[in-house]
Protein chains: 2
Amino acid sequence: MTRASVVGAGMTKFGVHDRPLQELFGEAAFEAFDDAGVEPADVESFYFGNAMGGQTENDTHLAPKLASHVGIAGVPAQRYEDACATSANAFKNAVQAVEAGIHDVVLVGGVERCTPQTGLDTAEMTRIFASASHRQYEQPTGLTFPGVFALLTKRHMHEHGTTPEHLAHVAVKNHEHGTRNPRAHFGKETTVEAVLEGPIVADPFRLMDCCPFSDGAAAVVLVSDEVADSYDAPVDVTGIGHATDVVPIGDKLTPHVTQAARDASAQAYEQAGITAADVDFAEVHDCFTGAEVMASEAIGLIEDGQGGPAAAEGRTSYDGDIPINASGGLKAKGHPIGATGAAQIVELTEQIRGEAGARQLDEAEYGVAHNLGGDAATTLVTVMEGRR
Amino acid sequence: MTRASVVGAGMTKFGVHDRPLQELFGEAAFEAFDDAGVEPADVESFYFGNAMGGQTENDTHLAPKLASHVGIAGVPAQRYEDACATSANAFKNAVQAVEAGIHDVVLVGGVERCTPQTGLDTAEMTRIFASASHRQYEQPTGLTFPGVFALLTKRHMHEHGTTPEHLAHVAVKNHEHGTRNPRAHFGKETTVEAVLEGPIVADPFRLMDCCPFSDGAAAVVLVSDEVADSYDAPVDVTGIGHATDVVPIGDKLTPHVTQAARDASAQAYEQAGITAADVDFAEVHDCFTGAEVMASEAIGLIEDGQGGPAAAEGRTSYDGDIPINASGGLKAKGHPIGATGAAQIVELTEQIRGEAGARQLDEAEYGVAHNLGGDAATTLVTVMEGRR
């Protein structure tokens, strides 16, 4: 059943941008307006995601600020922050509001600047990112997010025999995908050998197992099922699941199963009336290579324990049987925190419409987005389909 | 028409607290659970507000962290940030979700620590607060929030003849109310003379025209109309309006009218099927005395231009014809940013139930909360009534 429909999508190139947040977001929002054929006056509400603007550039209360910048001052506007799952959560709340009949046409999106354009160096950004981990039980130990996902991945390796080579294949695949995406932060390929020779960041992760800090914005125009047919190319949201897991990670019984992703995907598939076997392609939250392996299993696309081998065998490649992160993923497309969830929705929209250019998949009827925040504590899974 | 019902309310004393955010919030949430007679397992979702935890204590992704602490890990959880209107916006989204049938029982609340307990001095906190003003057009000028509201109030004085004595009466009234509220930050009275002799903060505001930085938390259990009758003392939410205004304030045509409050209250009254004349009492966002004057007019309780005289004449006092901020308001009860909107809902609940102790109003059938954020840019107005 259609819950809501995306009728316009826009995003900036992800990478390094020397522009204020409102200008960066404006580029994505105006592209989404143009794509949908709506005017700012048509927009009834604004669901906005930004994770760290207060910490990085002393910029908060961004929902009305950006609403003013894109010409929709006056509408109800709200900012969400749920770590790296920030704009997927904004999107979920927008879907619910549109489905409930509260609004017919809303703007949803996110923006973030994470590169030294904010004036902060990598050490300072790493401390800021770590604000999403437990303040008392994790931060004082020096645990930052490469370490969090390294711990989860190490457990996955122990349980299932996943190897560093498997992980390297995820990086190689996503970098190859990134070369097909003109908006990707990284547009060059790498090799398994190069990945395995990189410097260790947090064992088992080497440099190329980690996604970058990026600047960027993404936005969509979301409308109710009732009005969707009056737009050119609606793409339907048929399921969106949302679950959380306990924080800190030391309290998780089986950390590597990423339970919230299992719960959220079960909800999303049930709403959409499909099973994982029906899914044609997915964008998953590959903040680290190990995170993609765990996500591809948790949302049911790959059998438990086979996420690593599946990447090594090319099953999750652009031309494999279940393409994952055709956009390049966080790994190569980039990861401007508060924009990442919305950018996944943009990618699903373009793939399902057949507008994905050099990275267009042959089969793109059912797409899934998986966006994760913090210690695998917030997860949202969205199912989208072409309008029938 | 009932949109949702509050069936449990809790809050900490506002003031100075040397406890982590989750412990502070836990006190309010557990009190709300007890008051409602619910167990954590009954709670289906979490709508949470915190404005500045990332900036003040490097603590973000608080929704799943606090969910874990209060025993509801697993449920969908979302954090809102909309400056000082943070938890009213969380509450609005919760009302919409409950009304739409998405959830039957949810936890809503907010927490903030703003005092030097965070390790930050007043100058640093003032810089952090100012993050809600325009990053490019206001912050570089040195404009902080006393200045923002001083500008709005100066215009009001120019247009309507409001005087410093009028403003002082607002402070005196709210401090007197604060003596009746055991959870107020300030529990002592003041005088018009003492207010007018205080040091200038931002003309026309002297020290006692300004609310304090406080630590505190507030939470409510919100349920759907369908299940409300199975709880002991439901208080119904019959209207909730939400509007924004343009940022920066230099772009406002008539700054002192605080247009978003007029728009939001019109929505709220229409939903509730009442007019301002039906309202028995209100909690309004008196971050500064001038803000209360403008709010009381904008939401229609006092004729335009008469907010100052109304306070001076005692009309807005505890025993006046339209009591405003019987709790002490932000001015005396305190202002832990992300908790303030939720605390207004707690106050409305207790007044309407007749449980407000020494500050209990004689007539408390229809209550209104007005919560404002940033440059008067986000405003939410909520109407609550006893269940009939």
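Being a predicted model, the structure only gives us computed values, none of them experimental.

Peer 1: Account for the overall build of chain A, with residues named and values stated.
Peer 2: The secondary structure content of chain A amounts to 14 helices and 11 strands. By the compact-globule yardstick of 21 Å for 388 residues, chain A fits well, its C-alpha radius of gyration being 19 Å. The principal-axis extent of the C-alpha atoms belonging to chain A is close to 55 × 45 × 40 Å. Counting over 388 residues, chain A shows a buried share of 69%. Accessible surface computed for chain A: about 11800 Å², of which carbon and sulfur atoms make up 49%. Within chain A, one finds 25 positive and 56 negative side-chain charges whose respective centroids are separated by 5 Å.

Peer 1: Residues and numbers for the interface of chain B and chain A, please.
Peer 2: Quite often, the size of an interface is put as the accessible area lost when its parts meet. At the junction of the two partners, chain B supplies 51 residues and chain A supplies 51 residues. Together chain B and chain A conceal approximately 4000 Å² of surface at their shared face, both sides included; 45% is due to carbon and sulfur atoms. Per-residue buried area on chain B facing chain A is highest for Asn58, His61 and Glu81 of chain B; these three make up 17% of the total on that side. For the pair chain B and chain A, the interface holds 43 residue pairs in polar contact (both at pLDDT 80 or more). Looking at the side of chain B that touches chain A, the elements with two or more residues in it are helix H2 (53-57), helix H3 (62-69), strand S3 (77-81), helix H4 (86-99), helix H5 (122-129) and strand S8 (235-244) of chain B.

Peer 1: So what about the relation of the copies chain B and chain A? Which residues, and what values?
Peer 2: Once turned by 180° and shifted 0.0 Å along the axis, chain B lies on chain A with an RMSD of 0.0 Å. A rotation of that kind, with that shift, is consistent with a two-fold axis. In this assembly, 100% of the residues forming the interface of chain B have copies in chain A that are likewise at the interface, indicating an isologous arrangement.

Peer 1: Requested: an account of the nonpolar core, with residues and values cited.
Peer 2: What tends to happen in soluble globular proteins is that the nonpolar side chains get buried as a cluster. Phe91, Val108 and Leu222 of chain A together with Phe91, Val108 and Leu222 of chain B are the most contacted members of the largest nonpolar core, which has 68 residues in total. Setting aside residues up to four positions removed in sequence, Phe91 of chain B forms contacts with Val6, Val108, Val220, Leu222, Val237, Ile240, Ile345 and Thr382 of chain B.

Peer 1: Outline the UniProt feature "domain: Thiolase C-terminal" (unreviewed entry) in chain A, listing residues and values.
Peer 2: Residues annotated in UniProt with the feature "domain: Thiolase C-terminal" (unreviewed entry) correspond here to residues 257-384 of chain A. As annotated, residues 257-384 of chain A comprises 41% helix and 14% strand, and the C-alpha atoms at either end are separated by 24 Å.

Peer 1: An account of the UniProt feature "domain: Thiolase N-terminal" (unreviewed entry) in chain A is requested, with residue identities and associated values reported.
Peer 2: Under the present numbering, the feature "domain: Thiolase N-terminal" (unreviewed entry) in UniProt falls on residues 6-225 of chain A. As annotated, residues 6-225 of chain A comprises 40% helix and 17% strand, and the C-alpha atoms at either end are separated by 10 Å.

Peer 1: Outline the layout of surface pockets, listing residues and values.
Peer 2: All names here are of chain B. The space that makes up the largest pocket amounts to roughly 720 Å³. Together, 42 residues line the largest pocket, and Phe129, Cys210, Cys211, Pro212 and Phe213 are the ones closest to its centre. Those elements that place two or more of their residues in the lining of the largest pocket are H5, helix H6 (145-160) and strand S10 (366-373). Among the elements that make up the lining of the largest pocket, the one with the highest residue count is H5 (five residues).

Peer 1: Provide a residue-level description of the packing of helix H7 (residues 164-178) of chain A against helix H11 (residues 289-298) of chain A, including the pertinent values.
Peer 2: All names here are of chain A. Relative to each other, H7 and H11 sit at 95°, their axes nearing to 8 Å. Taken together, the axes of H7 and H11 are roughly perpendicular relative to one another. On the side of H7, the interface is formed by Leu167, Val170, Ala171, Lys173 and Asn174, while H11 contributes Thr289, Gly290, Glu292 and Val293.

Peer 1: Lay out the packing of helix H1 (residues 21-36) of chain A against helix H3 (residues 62-69) of chain A in plain terms, naming residues and giving numbers.
Peer 2: All names here are of chain A. At a closest axis distance of 9 Å, the pairing of H1 and H3 adopts a crossing angle of 60°. Viewed along their axes, H1 and H3 adopt a mutual orientation that is oblique. Crossing handedness for the pair H1 and H3: right-handed. Listed contacts from H3 to Leu21, Gln22, Glu23, Phe25, Gly26 and Phe30 of H1 are Leu62, Leu66 and His69. A class-by-class count of the residues in the contact of H1 with H3 yields five nonpolar, three polar and one charged.

Peer 1: So what about the side chain of His242 of chain B? Which residues, and what values?
Peer 2: Looking at the secondary structure, you find His242 of chain B in strand S8. Among the residues examined, His242 of chain B registers a relative accessible area of 2% and is labelled buried. Side-chain polar atoms of His242 of chain B contact the side chain of Lys92 of chain B, separated by 2.9 Å. Ignoring any residue separated from it by four or fewer positions in sequence, one finds His242 of chain B in contact with Pro76, Ala77 and Gln78 of chain A together with Asn89, Lys92, Ala264, Gln267, Thr378, Thr379 and Leu380 of chain B.

Reading the values: the criteria
Residues numbered from 1 in each chain as written. Chains lettered and ligands numbered in written order. Predicted model: local features only at pLDDT ≥ 70, side-chain atom pairs only at ≥ 80, totals over all residues. Heavy atoms only, no water. Helix = DSSP H or I, 4+ residues; strand = E, 2+ residues; numbered from the N terminus. Rg over C-alpha atoms; globule rule 2.2 N^0.38 Å. Buried < 20%, exposed > 50% of the residue type's maximum accessible area, 1.4 Å probe, protein only. Areas by Shrake-Rupley, 256 points an atom, 1.4 Å probe, with all protein chains shown as cover. Lys, Arg positive; Asp, Glu negative; His and termini not counted. Charge placed at Lys NZ, Arg CZ, Asp CG, Glu CD. Contact = heavy atoms within 4.5 Å. Buried area = accessible area lost by both parts, 1.4 Å probe. Polar contact = N/O pair within 3.5 Å; in protein donor to acceptor, adjacent residues only side chain to side chain. Least-squares fit on C-alpha atoms with pLDDT ≥ 70 in both. Core = buried A, V, L, I, M, F, W, Y, C linked by side-chain atoms within 4.5 Å. UniProt positions renumbered as here; feature names shortened; annotations may be inferred. 1 Å grid on protein atoms, 1.4 Å probe; cavity = no way out; pocket = protein on both sides within 12 Å on 5 of 7 lines; lining within 4 Å. Points joined across faces, edges and corners; volume = space filled by probe spheres on them. Axes fitted to C-alpha atoms, helices over the stretch in contact; angles between N-to-C directions. Parallel < 35°, antiparallel > 145°, perpendicular 65-115°, else oblique. Left-handed = near helix turned anticlockwise from the far one by under 90°. Nonpolar A, V, L, I, M, F, W, Y, C, P; charged D, E, K, R; others polar.

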